[in-house]
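Each chain, written out:
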Amino acid sequence: MKIKNICCIGAGYVGGPTMAVVAQKCPHIKVTIVDINESRIAAWNDEDLSKLPVFEPGLDEVVKEARGRNLFFSTDVDKAIDEADMIFISVNTPTKTYGKGKGMAADLKYIELCARQIAKISKSNKIVVEKSTLPVRTASAIKNILEHTGNGVQFQILSNPEFLAEGTAIEDLLSPDRVLIGGDNTIEGQKAIQALVDIYANWVPKERILTTNLWSSELSKLTANAFLAQRVSSINAMSELCEKSGADINEVAKAIGMDGRIGSKFLKASVGFGGSCFQKDILNLVYIAKTYGLKEVADYWEQVILMNEHQKKRFSDNIVNTLYNTVSGKKITFFGWAFKKDTNDTRESAAIQVADNLLSEQANILVYDPKVIEERIYADLDYLNSRTSEENRDLLKIKTNPYEASKNSHAIAILTEWDEFKTYDWVKIYNHMNKPAFIFDGRGILDMEELKKIGFVCYKIGSGSK
Ligand code: UDX
Ligand code: ADP
């Protein structure tokens, strides 16, 4: 079976870049990405590539090459479903904020809506691919909806979880460690798997394309994210011990990372992990384990999240304690708001929680981030409902220049590891700050010895104060 026409529902951080790369690498396939969000689609179609709704290094080049050739962005969901042989579902699956499983289970309402729409529109056989991270056995729910509400056409369901990391999405998509495709063990299921394998084989070496059953594929995605998040929480737990004992977390990370069994990646201590996946997927895993009555399994994974909460809290507590136990009326500058460098995504960013804690202590915060827009930052804070949006706008200001943001400030907190922070004129910044001038490096990216020589009082995550 040769796929000629792909539709992707959801033009977000996953659907947008993933399908742009599929279109670039498969010029013989028409790829249409649809979304109900009109302004998002308009931004994807903007002539000015700096206006794309997702910032990812290299994405603009890929879009420039494929858009209008075989890559299209549209709000006409029904038409794209009707024309497609293969439909990717890449809509958001946030943690439920209501009802059963509130705060833990994934909210599948967007997925279900998609499945119902696909069932209603389809007049020919289609392969439906789950791209969003989903709880194990969601595929069977989708299948059920499609089979019972459809027009008698055949659907094959595949699970093809996306492992790209934001900030390196294009690199990850062009040369993935592996591509995972799960499907039914029937003749039809195997044909559907092969159709998707053939698409990836246009640029991914065959030995990196793994095929499994549906449930293994779904569970592998949750497991991969849980393991990665666990590594961050493990190194963060050790960072606190380092600060107390006089060890340095970077030295410890290097020493353990040289053990081939442990490996050197993903051992950077930080103010806490963020992003749309880690917390959501672990909560989901915990919920599934509880559903099966596996209390110890659930408790084990929940600890990864609790450690992350603790890391964010102790970072803001440390700022308050160091500034003589009060930050009321003091200016604190945040360098960075995104959950990691090279992205404009702020979902679950540690900066949000740290800001909220400091605002509760009546600090005045000035934020500079090279890519995150003002509306996003206020929306993140307003969402917490800790205070009115007027109070948030009054206490927290956003600056578009790091020097402006640090003028007369008492302390600078590094919340994101943007490379540009390392290139600043720190003498100039020191000179226009309130004295003593403090730096709290929550990402361990600055040279503390140099900053100390300038006159700063420094704290670096995992090595304490200098
Ligand atoms: C993650 C997975 O890596 C990816 O495979 C999956 O598809 C989606 O979830 P992402 O959330 O985009 O990707 O970014 P990632 O690089 O994993 O970082 C997640 C968070 O952990 C960030 O806040 C990052 O700053 C933090 N982190 C990562 C650390 O604090 N230390 C590290 O050593 C690595
Ligand atoms: P992710 O990081 O998983 O890509 P995003 O929130 O960035 O998540 O993107 C998901 C996109 O899916 C959003 O742009 C949202 O508007 C879109 N979406 C959600 N439900 C539907 C639907 N039923 N039809 C079309 N698009 C949808």
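Just above sits the structure.
These numbers come from a predicted model, not from an experiment.

Peer 1: I tried to follow the overall build of the chain on my own but got confused; where do I start?
Peer 2: Helix and strand counts for the chain come out as 18 helices and 15 strands. Here the chain has a C-alpha radius of gyration of 24 Å; the compact-globule value for 466 residues is 23 Å, and the two agree. Principal-axis analysis of the C-alpha atoms gives the chain an extent of 75 × 50 × 45 Å. By the burial criterion, 53% of the 466 residues in the chain qualify as buried. Partitioning the contacts of the chain with sequence separation of at least 6, the portion at a separation of at least 24 is 74%. With the model as given, the accessible surface of the chain reaches about 20900 Å², and the carbon-plus-sulfur share is 52%. The average position of the 58 basic charges and that of the 61 acidic charges among the side chains of the chain differ by 1 Å.

Peer 1: Please clarify how the site of ligand 2 should be interpreted in this entry.
Peer 2: Not every one of the 15 residues close to ligand 2 is listed here, only the nearest: Y13, V14, D35, R40 and R347. D35 has a polar side-chain atom sitting 2.6 Å from an oxygen atom of ligand 2. For ligand 2, the accessible surface in isolation is 580 Å², of which the surrounding protein chains cover 89%. Across the shell around ligand 2, the residue classes break down as 7 nonpolar, 5 polar and 3 charged.

Peer 1: Please clarify how the site of ligand 1 should be interpreted in this entry.
Peer 2: Every one of the 20 residues lining ligand 1 counts as a neighbour, but F163, E166, S270, K340 and R443 are closest to it. K221 has a polar side-chain atom sitting 2.9 Å from an oxygen atom of ligand 1. With the chains in place, 90% of the 670 Å² that ligand 1 exposes on its own is no longer accessible. No other element matches the 4 residues that helix α9 (residues 214–245) contributes to the shell around ligand 1. Across the shell around ligand 1, the residue classes break down as 11 nonpolar, 3 polar and 6 charged.

Peer 1: I would appreciate a short explanation of the nonpolar core in the present structure.
Peer 2: Counting residues in hydrophobic clusters, the biggest one holds 60 residues, and the most contacted among them are F334, W337, L396 and W426. Looking at this core element by element, the count peaks at 7 residues for helix α13 (residues 350–360). Those residues in contact with L396, other than ones at most four positions away along the chain, are W337, A355, L359, I365, V367, I377, Y378 and L381.

Peer 1: Explain the sheet that holds strand β9 (residues 331–335) here, please?
Peer 2: Ordered in space as β11-β10-β9-β12-β13-β14-β15, the 7 strands form an open sheet in which the pairing is mixed. Each of the sheet's edge strands pairs with one partner strand only, and the pair in question is β11 (396–398) and β15 (464–465). Across 5 bridges, β9 lies against strand β10 (residues 364–368) in parallel orientation. Paired with T333 across the strands is L366, a residue of β10. Along the sheet, α13 makes contact with β9, β10 and β11, crossing β9 at roughly 180°.

Peer 1: Sorry, what's going on with the state of the cysteines here?
Peer 2: For the structure shown, the criterion picks out 0 disulfides. Of all cysteine sulfurs in the structure, the one in C7 sits closest to C114, which takes part in no disulfide; the separation is 8.9 Å. When its relative accessible area of 5% is taken as the criterion, C114 is described as buried.

Peer 1: Which parts of the structure should I look at to understand the packing of helix α6 (residues 138–149) against α9?
Peer 2: Running from amino to carboxyl end, α6 crosses α9 at an angle of 125°, the nearest separation of the two axes being 9 Å. Between α6 and α9, the angle falls in the class oblique. Every residue of α9 that contacts α6 at T138, A139 and S140 is listed here: L214, W215 and E218. Of the residues belonging to the contact of α6 with α9, the class tally is 3 nonpolar, 2 polar and 1 charged.

Peer 1: Please explain the pattern of salt bridges as it appears in this structure.
Peer 2: Between side chains of opposite charge, pairing is possible as soon as their charged atoms come close. If you walk through the whole model with that rule in mind, you get 26 salt bridges. Measuring nitrogen to oxygen at the nearest pair gives 3.2 Å for the salt bridge that ties K341 to D419. With K341 in the loop between β9 and α13 and D419 in the loop between β12 (411–414) and α17 (426–431), this pair connects stretches of sequence that are 78 residues apart. Take D419: its relative accessible area is 39%, and that puts it in the partly exposed class. E417 serves as the salt-bridge partner of R443, at 3.6 Å between the closest nitrogen and oxygen. With R443 in the loop between β13 (438–441) and α18 (448–454) and E417 in the loop between β12 and α17, the pair connects residues that are 26 residues apart, well separated along the chain. The pair R443 / E417 is uniform in exposure class, with both members buried. A single salt-bridge network, built from bridges that share partners, covers K30, K79 and E83.

Cut-off values and rules
- Residues numbered from 1 in each chain as written.
- Chains lettered and ligands numbered in written order.
- Predicted model: local features only at pLDDT ≥ 70, side-chain atom pairs only at ≥ 80, totals over all residues.
- Heavy atoms only, no water.
- Helix = DSSP H or I, 4+ residues; strand = E, 2+ residues; numbered from the N terminus.
- Rg over C-alpha atoms; globule rule 2.2 N^0.38 Å.
- Buried < 20%, exposed > 50% of the residue type's maximum accessible area, 1.4 Å probe, protein only.
- Contact = heavy atoms within 4.5 Å.
- Areas by Shrake-Rupley, 256 points an atom, 1.4 Å probe, with all protein chains shown as cover.
- Lys, Arg positive; Asp, Glu negative; His and termini not counted.
- Charge placed at Lys NZ, Arg CZ, Asp CG, Glu CD.
- Near = heavy atom within 4 Å.
- Polar contact = N/O pair within 3.5 Å; in protein donor to acceptor, adjacent residues only side chain to side chain.
- Nonpolar A, V, L, I, M, F, W, Y, C, P; charged D, E, K, R; others polar.
- Core = buried A, V, L, I, M, F, W, Y, C linked by side-chain atoms within 4.5 Å.
- Pairing = 2+ DSSP bridges.
- Axes fitted to C-alpha atoms, helices over the stretch in contact; angles between N-to-C directions.
- Disulfide = S-S within 2.5 Å.
- Parallel < 35°, antiparallel > 145°, perpendicular 65-115°, else oblique.
- Salt bridge = Lys/Arg side-chain N within 4 Å of Asp/Glu carboxyl O.

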